[in-house]
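Summary of structural features
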Amino acid sequence: MDQTAWVKESESLPELLFATAAKTPNHIAITISDTRIPYAALATRVRMLAQGFFEQGIRPGDSVALLLPNTPVYVMATYALLQIGAVVLNVSPASQGSELLHILTQSQAVAIVTLDVFLPGLYRVLDKSPIKRLFLSSLQGLEQKIPPQQGTPPPILIDTLFRPPQPDTAQIRPVADDLAVVQFTSGSTGTPKGVLLTHRNILTSVRQSSVWMNAPETPNAGVLCVIPFFHVFGMTIGLHLTVAKGYRMILVPRMDALDLMPILRLIETEKPLSFPAVPTLWAALLSLPGIKAESLQSLHVASSGGASLPAWVQDKYRALTGLPIYEAYGLSEAAGATHSASFPGGSPLGSIGKPLAAIEARLADPSDPSRDVAKGEVGELWVRGDVVMRGYLGQDAETARVLQAGWLKTRDLARCDGEGNYYIVDRSDDVIITSGFNVYPSEVESVLSKHPAVQDVAVFGREDRLRGQVVIAQVVLRSEQNATAEELAQLCRDNLPDYKVPRSILFADRVPRNPAGKTLRKALH
């Protein structure tokens, strides 16, 4: 579809908020604990905060880091900064030390917005960074107890920045092709890279996702926002799509993976329509003792992204609710989802569905990228459309390597069936080559996951003098269940050719994953 059908040149992300506030001013925009913030009040606060940032010297094109969980401050700061033409730099609060310094330095961020609880870690790197302004939302008054380090800017409380809008800020008009966000990749493939996303990229992603859900609108329906907004999935679906639809963000700033009862209680009390989550969260939630269909009855759009959804999770959810979990695929470089299971019926088990409306997709032959592979064959997934990033920050060679004639090379290997449904086979970087044979970790993981005692599994390659690499599996067992390495190896021998059978099966308490749920294979050993 022509780009003008998706985004006009004059459009920008803050208009999503202002349009919704004008249309439904009294509908609730944010729910967090006992606090309710209507859209009109949120829009007013955003305009005032934009003025405050401007008076502190933030100008169009400046990069401002947000080191924040899902809080009202994140929402307000994002739209306020975008309104004055600044660039939002999404940073995980888990980032620290050299990684955090790398992100701040490479982006040349002039300011940071954060919570006082993150000050101890931040002060360790701030004096070495280009940060000139430190904007703080104070929860515990730690800024009064922790003295600033020498060479760091003094904290400026966010609460002091809400000023009446003036003509100088009202005249700033960001447009579709202006840079909006620098989204650093998870680092699962090495040092995090800064993905440059424009207003057009993100607006297109939001609108194609809105088109995907071709169902009657439910006014001010709730969206459970557990996925962090600093992640591209959370930012696009949890934040911007929710605002565009006039839905209500149910914010979860922090989640204890070992205690999911608060999440279940939130679902029961707030009754969200939509719950985007990562596979590990769905698996943990559906493993809760005594979970019932009644607890999940409000969820009409349960979605999963970031990694492959285990088959047992999909099967159990369908058995409980009669509905699918809609598995999606996307990446930071495409401003979120590029494929999703069909709504409302879902797609075949293990499939990521079909390309979304603004996406062209192809499967390139790894040995001859000018050629597309045949249906059913494995190729590298390439995507094209207005969601595709401008490039990587400060990495022209890497940008040229992954962007070719408008196509984004995802580096993920996939196949497509006769109905047009795509299946991710594995990441090309993760393929194990043993004795000249290719082994896709997901194939082995799928077999091991069928064992009733296996809760989680990750497969990786280990260097071997004779074979080049050998297959290794790291397995997490369910509590109070047992399985031996030989038993699991036999399961693989019964279902796989010998070269794909793990040469060693290790038992562990957890599989290392990034916040999106992707396996960190480089951390496996």
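To start, this report covers the structure provided alongside it.

Each value, and the rule that gives it
Sequence positions are assigned chain by chain, starting from 1 and proceeding in written order. For this predicted model, a pLDDT threshold of at least 70 governs which residues receive local features, and a threshold of 80 or more governs which side-chain atom pairs are given and counted, while totals over whole chains, interfaces and linings are taken from all residues. Side-chain numbers here rest on the full set of heavy atoms in the structure, without hydrogens or water. Helix and strand assignments come from DSSP, with helices taken as H or I runs of at least 4 residues and strands as E runs of at least 2, each series counted from the N terminus. For this analysis, residues touch if any pair of their heavy atoms sits within 4.5 Å. For the purposes of this section, nonpolar cores are sets of buried Ala, Val, Leu, Ile, Met, Phe, Trp, Tyr and Cys residues that join through side-chain atoms within 4.5 Å. Exposure classes here rest on a 1.4 Å probe applied to the protein chains alone. A residue is buried below 20% of its type maximum, exposed above 50%, and partly exposed in between. To be clear, the arc concerns the directions from the helix axis to the C-beta atoms. Strand pairing is defined by DSSP finding a minimum of two bridges between the two strands. Every axis in this analysis is a line fitted to C-alpha atoms, fitted for helices over the stretch in contact. Angles between the N-to-C directions lie between 0 and 180 degrees. Cavity means a closed set of points on a 1 Å grid over the protein atoms alone, one where a 1.4 Å probe fits but cannot get out, pocket means an open set with protein on both sides within 12 Å along at least 5 of 7 lines, and lining means a residue has an atom within 4 Å of a point. Grid points are joined across faces, edges and corners, and a volume is the space filled by probe spheres set on the points. As a working rule, the residues Ala, Val, Leu, Ile, Met, Phe, Trp, Tyr, Cys and Pro are called nonpolar, Asp, Glu, Lys and Arg charged, and the rest polar, with Gly in that last group. We call Phe, Tyr and Trp rings a pair once their centres come within 6.5 Å, taking the six-membered ring for Trp, and we label the pair stacked below 30 degrees between planes, edge-to-face above 60, and tilted otherwise. By definition here, charges over rings are those cases where NZ of Lys or CZ of Arg is within 6 Å of the ring centre and within 35 degrees of the ring normal.

Details of the side chain of Ser 209
Note that Ser 209 resides in helix 7 (residues 199-212). The contacts of Ser 209, once residues within four sequence positions are left out, are Ile 237, Leu 241 and Leu 356.

Overview of the nonpolar core
Most often, soluble globular proteins keep nonpolar side chains buried together rather than apart. Membership of the largest hydrophobic core comes to 123 residues, with the highest contact counts inside it found for Phe 53, Val 113, Phe 275, Trp 282 and Leu 285. Residues in contact with Phe 275, not counting those within four places in the same chain, are Leu 224, Val 226, Ile 263, Ile 267, Leu 281, Trp 282, Leu 285, Leu 299, Val 301, Ala 302 and Ser 303.

Some words on helix 11 (residues 311-321)
Burial in helix 11 covers these residues: Val 313, Gln 314 and Tyr 317. Considered in projection along helix 11, the buried side chains sweep an arc of 95° and stay on one side of the axis. Contacts from the buried residues of helix 11 go to helix 10 (279-286), strand 13 (301-304) and strand 14 (325-331).

Some remarks on the sheet that holds strand 4 (residues 87-91)
In spatial order, the strands read 7-6-5-3-4-8-9-20; together these eight strands make up an open sheet with mixed pairing. Every interior strand has two partners, whereas the edge strands, strand 7 (155-157) and strand 20 (391-392), have only one. The sheet contact formed by strand 4 and strand 8 (residues 179-184) spans three bridges and is parallel. Bridge pairing in strand 8 places Leu 89 opposite Val 182. Contacting strand 8 and strand 9 (194-198), helix 7 crosses the sheet at an angle of about 75° to strand 9.

Comments concerning the side chain of Gln 51
One can find Gln 51 in helix 2 (residues 39-55). The class for Gln 51 is buried, based on a relative accessible area of 1%. Apart from residues no more than four positions distant in its own chain, Gln 51 is found in contact with Arg 163, Pro 164, Pro 165, Gln 166, Asp 168 and Thr 169.

Quick look at the sheet that holds strand 27 (residues 468-477)
Pairing within the open sheet is mixed, and its three strands lie in the order 26-27-28. Two strands in the sheet have a free side with no partner beyond their single neighbour: strand 26 (454-464) and strand 28 (504-507). On average, each strand axis in the sheet is inclined to that of its neighbour by 25°, with strand direction left out of account. The pairing of strand 26 with strand 27 spans ten bridges and is antiparallel. Bridge pairing in strand 27 places Asp 464 opposite Gly 468.

Some remarks on empty space enclosed by the protein
Evaluation of the coordinates by the stated rule reveals three cavities of 30 Å³ or more. In this structure, the largest cavity spans a volume of roughly 270 Å³. Along the wall of the largest cavity there are 20 residues; nearest its centre are Trp 212, Ile 237, Leu 241, Val 301 and Ser 303. A total of five residues in the lining of the largest cavity trace back to one element, the largest contributor, which is helix 8 (residues 232-245). In terms of residue class, the lining of the largest cavity is made up of 14 nonpolar, five polar and one charged. By volume, the second largest cavity is sized at about 60 Å³. In this structure, the second largest cavity is lined by 13 residues; those nearest its centre are Gln 314, Ile 325, Ala 341, Ser 347 and Pro 348. Where the lining of the second largest cavity is concerned, the elements lending two or more residues are helix 11 and strand 14. In terms of residues, the lining of the second largest cavity owes the most to one element, strand 14, which gives three residues. When the residues that make up the lining of the second largest cavity are grouped by side-chain class, the tally is six nonpolar, five polar and two charged.

Some points on the packing of aromatic side chains
Within the structure shown, the criterion is met by seven aromatic pairs. Taking the centre distance of 5.5 Å and the plane angle of 50° together, the rings of Tyr 74 and Phe 229 count as tilted. With Tyr 74 in helix 3 (residues 72-83) and Phe 229 in the loop between strand 10 (222-225) and helix 8, the pair connects residues that are 155 residues apart, well separated along the chain. The same class applies to Tyr 74 and to Phe 229, which are both buried. Taken together, the aromatic side chains of Trp 212, Tyr 326 and Phe 343 make up a single cluster linked through ring pairs. Over the face of the ring belonging to Trp 407 we find Arg 362, whose NZ or CZ atom lies 5.9 Å from the ring centre. When the ring centre of Tyr 423 is taken as reference, the NZ or CZ atom of Arg 415 above it lies at 4.2 Å.

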